[in-house]
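A closer look at the structure
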Amino acid sequence: MRVEKLTMMANQIGAFFKGQGEAAAPAAIADHLKKFWDPGMRKDIVAHLDAGGAGLDPLVRKAVELLKANA
């Protein structure tokens, strides 16, 4: 899947969980990505983060960092 689409999808998920606040939202986003994204999608979004993470919302960036740390 193209990184632009993954970024858009991750940011939409982030927008949904944003209401949980900056402390809780990243973990909720990371949990959603772990549960509902296939391993290839998760690998690609982590690689995108490692390449600079252009376009990722700050909460989503934190979530992908959590996802990477727990992989």
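Here goes a summary of the coordinates provided. Owing to the predicted nature of the structure, the values given are computational and were not obtained by experimental measurement. (Residues numbered from 1 in each chain as written. Predicted model: local features only at pLDDT ≥ 70, side-chain atom pairs only at ≥ 80, totals over all residues. Heavy atoms only, no water.)

1. Re the nonpolar core
- Grouped together as the largest cluster of nonpolar side chains are 20 residues, with contacts concentrated most on I13, I29, L33, W37, I45, V60 and V64.
- Broken down by secondary-structure element, the contributors of at least two residues to this core are α1 (3-17), α2 (25-36), α3 (39-50) and α4 (58-69).
- With near-sequence residues (within four places) excluded, L33 lies in contact with I13, R42, V64 and L67. (Core = buried A, V, L, I, M, F, W, Y, C linked by side-chain atoms within 4.5 Å. Buried < 20%, exposed > 50% of the residue type's maximum accessible area, 1.4 Å probe, protein only. Helix = DSSP H or I, 4+ residues; strand = E, 2+ residues; numbered from the N terminus. Contact = heavy atoms within 4.5 Å.)

2. Things to note about the environment of K68
- One can find K68 in helix α4.
- Along the sequence, K68 and M8 sit 60 residues apart, while their C-alpha atoms lie 19 Å from each other.
- Sequence-distant contacts of K68, defined by excluding residues within four places in its chain, comprise V46 and D50.

3. Re the packing of α1 against α2
- Taken N-terminus to C-terminus, the directions of α1 and α2 make an angle of 135 degrees; their axes are 9 Å apart at the nearest point. Of the possible angle classes, the one that applies to α1 and α2 is oblique. Regarding α1 and α2, the two cross each other, and that crossing is right-handed. Contact with α1, carried on its side by I13, G14 and F17, involves A25, A28, I29, H32 and L33 of α2 and no other residues of that element.
- Looking at the contact of α1 with α2, its residues break down into 6 nonpolar, 2 polar and no charged. (Axes fitted to C-alpha atoms, helices over the stretch in contact; angles between N-to-C directions. Parallel < 35°, antiparallel > 145°, perpendicular 65-115°, else oblique. Left-handed = near helix turned anticlockwise from the far one by under 90°. Nonpolar A, V, L, I, M, F, W, Y, C, P; charged D, E, K, R; others polar.)

Keep in mind these values describe shape, not function.
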